[in-house]
Amino acid sequence: MSRRSQPTNVPEQLRRELVSLLTNFAEELKHDNLRRKVVTLVPAFHTLRDLGSSLIATDDSIGARDRIIAYLKQYPKIIIDGDELMVVSGIGEWARRVRELRVQYGWWIYSGVTFKQMAQNSDDVQEFRAIGIDPLLIKPDQYVLMSTTQDLEAAYRWNVLDDIRKQKISTKSKILEYLKKNIGKQVTGEELSALTKTKEWARRVRELRTEEGWPIVTKNAGREDLPVGVYLLESDRQAHAHDRKIPDPVRVNVLTRDHFRCTKCGWSRDMLSPDDPRKMLELHHIHQHKDGGSNTAENLITLCNVCHDEVHRH
Ligand SMILES: [Zn+2]
Ligand SMILES: [Zn+2]
């Protein structure tokens, strides 16, 4: 491969240029002409900008957007200041490039704003701290690249998102509709934040799960294998109303007692497969809740969703 002939050390050359521009500026400062001072300083601004962007690559064909993602990829899951992205991009409008990287190119770049929103579910805070990001301390204009793998379906998802975002429906309905369009797919907190434009969306997700029985899982809620800050609707199916009010400790007792397996067919989560309609374990009341059956471990058994449907059909 032939290398383009270019100066061996562009950053050093730019640094020297900048120093000499600033040295010459000392003379300008002695004069009164404001306009002249400003005009003389302009090349120094440009040179400083060029110096910043030269740190990433000296190849002219690489644009600001490429430099931003190249920089972030070197520091995944680490908090990066917006100002750093300004330096490496060399442009004032770097924030717009970050958005393009996220929406059109599928990079999971989370902003400090989104971390704060996700942290409204206080039990998720620990998950973030575990990877070294404290959502309570991160600033709104800081960024984290959560995955170094490009999400190739993201552009399509963001189009869907845009349609739902414009609808005049409640925040909760928007979230549910969006997740239903992405069943079994990982959706980022950044998407839900953009979808709802409210600070409250994480709370609404929680309500959808705990109060309305939608199987929305996260790393912290049922799916250890998922990355932090990702939400996934396992199937288009609400838990039976009578199953929703079971206290968590009771739920844990029953699942543990039944070895996290369907007591009818033996299915367990490690058998999860795209072609198998069995997607989750649910608890069934032996004596129906509406007939006075209680939410106690003795009155509950573990069933997979398929067996559970079967039981209710009879
Ligand atoms: Zn079963
Ligand atoms: Zn049931």
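Keep in mind the model is a prediction, meaning the values are calculated, not measured.

**Quick word on the overall build of the chain**
Turning to step 1, where the next piece is worked out: Each helix and strand counted, the chain has 13 helices and 8 strands in total.
Turning to step 2, where the next piece is worked out: The C-alpha atoms of the chain give a radius of gyration of 27 Å, which is well past the 20 Å a tight globule of 314 residues would have.
Turning to step 3, where the next piece is worked out: When each of the 314 residues of the chain is scored for burial, the buried share is 29%.
Turning to step 4, where the next piece is worked out: Considering only contacts within the chain whose residues lie at least 6 apart along the sequence, 66% involve residues at least 24 apart.

**Regarding the confidence of the model for the chain**
Turning to step 1, where the next piece is worked out: When pLDDT is averaged along the chain, the result is 90; 94% of the residues meet or exceed 70.
Turning to step 2, where the next piece is worked out: Of all secondary-structure elements in the chain, the lowest mean pLDDT belongs to helix α7 (residues 122-130), at 82, while strand β1 (residues 80-81) reaches the highest, 98.

**Focus: the packing of helix α1 (residues 10-29) against helix α2 (residues 34-54)**
Turning to step 1, where the next piece is worked out: Close contact between α1 and α2 brings their axes to 9 Å; oriented N to C, the two are set at 165°. Accordingly, the angle class assigned to the pair α1 and α2 is roughly antiparallel. Remark: the crossing between α1 and α2 carries left-handed chirality. Taking contact as the criterion, the partners of Val10, Pro11, Leu14, Arg15, Glu17, Leu18, Leu21, Leu22, Phe25, Glu28 and Leu29 in α1 are, on α2, Arg36, Lys37, Thr40, Leu41, Pro43, Ala44, Thr47, Leu48, Asp50, Leu51 and Ser54.
Turning to step 2, where the next piece is worked out: Tallied by class, residues from the contact of α1 with α2 come to 13 nonpolar, 3 polar and 6 charged.

**Some details on the packing of helix α3 (residues 64-74) against helix α4 (residues 82-89)**
Turning to step 1, where the next piece is worked out: Two numbers describe how α3 lies on α4: the axes approach to 8 Å, and their chain directions differ by 130°. Classified by the angle between their axes, α3 and α4 sit oblique to one another. Here the hand of the crossing between α3 and α4 comes out right-handed. Together, Ala64, Arg67, Ile68 and Tyr71 of α3 and Leu85, Val88 and Ser89 of α4 make up the contact between the two elements.

**Brief notes about the sheet that holds β1**
Turning to step 1, where the next piece is worked out: Taken in spatial order, the 3 strands make up an open sheet running β1-β3-β2, and their pairing is antiparallel. Looking along the sheet, the strands with just one partner apiece sit at the ends: β1 and β2 (109-111).
Turning to step 2, where the next piece is worked out: Sheet topology note: the β1/strand β3 (residues 142-145) ladder contains 2 bridges and is antiparallel. The residue bridging Asp81 from the neighbouring strand is Gln142, located in β3.

**As for the sheet that holds strand β6 (residues 230-233)**
Strand pairing in a sheet relies on backbone hydrogen bonds. The paired strands run either parallel or antiparallel.
Turning to step 1, where the next piece is worked out: Judged by pairing direction, the sheet is antiparallel, and its 3 strands sit side by side in the order β4-β6-β5 without closing on themselves. The sheet is open, and its two edges are formed by β4 (187-188) and β5 (216-217), each paired on a single side.
Turning to step 2, where the next piece is worked out: Bridge count between β4 and β6: 2 bridges; the pairing is antiparallel. Bridge pairing links Val187 to Tyr231 in β6.

**Comments concerning the nonpolar core**
Turning to step 1, where the next piece is worked out: Among the nonpolar cores identified, the biggest contains 41 residues, and Ile68, Ile109, Ile175 and Val205 are the most heavily contacted of them.
Turning to step 2, where the next piece is worked out: Val254, Cys262, Leu281 and Cys304 belong to the second largest nonpolar core, which has 12 residues in total.

**Comments concerning unusual backbone geometry**
Turning to step 1, where the next piece is worked out: Positive phi outside glycine occurs at Lys197, with the angle close to 55°.
Turning to step 2, where the next piece is worked out: Topologically, Lys197 is positioned in the loop between α10 (189-196) and α11 (201-210).
Turning to step 3, where the next piece is worked out: The residue Phe260 is not glycine, and still its phi comes out positive at about 55°.
Turning to step 4, where the next piece is worked out: Positionally, Phe260 belongs in the loop between α12 (248-257) and β7 (281-285).
Turning to step 5, where the next piece is worked out: Of the residues examined, Phe260 has 13 C-beta atoms within 10 Å and is grouped as partly exposed.

**As for the pairing of strand β8 (residues 300-304)**
Turning to step 1, where the next piece is worked out: In terms of burial, β8 is a largely internal element, 5 of the 5 residues being buried.
Turning to step 2, where the next piece is worked out: Here β8 shows no split at all, with Leu300, Thr302 and Cys304 on one side and Ile301 and Leu303 on the other all buried.

**Some remarks on the domain arrangement of the chain**
Turning to step 1, where the next piece is worked out: Each assigned domain of the chain is listed with its residue range as follows: domain 1 (1-55), domain 2 (154-233) and domain 3 (242-313).
Turning to step 2, where the next piece is worked out: For domain 1 versus domain 2, the separation of C-alpha centres amounts to 47 Å.

About the thresholds
Residues numbered from 1 in each chain as written. Chains lettered and ligands numbered in written order. Predicted model: local features only at pLDDT ≥ 70, side-chain atom pairs only at ≥ 80, totals over all residues. Helix = DSSP H or I, 4+ residues; strand = E, 2+ residues; numbered from the N terminus. Rg over C-alpha atoms; globule rule 2.2 N^0.38 Å. Buried ≥ 20, exposed ≤ 12 C-beta atoms within 10 Å, placed from the backbone. Contact = placed C-beta atoms within 7 Å. pLDDT = per-residue confidence, 0-100. Axes fitted to C-alpha atoms, helices over the stretch in contact; angles between N-to-C directions. Parallel < 35°, antiparallel > 145°, perpendicular 65-115°, else oblique. Left-handed = near helix turned anticlockwise from the far one by under 90°. Nonpolar A, V, L, I, M, F, W, Y, C, P; charged D, E, K, R; others polar. Pairing = 2+ DSSP bridges. Core = buried A, V, L, I, M, F, W, Y, C linked by C-beta atoms within 7 Å. Domains from an automatic or database assignment.

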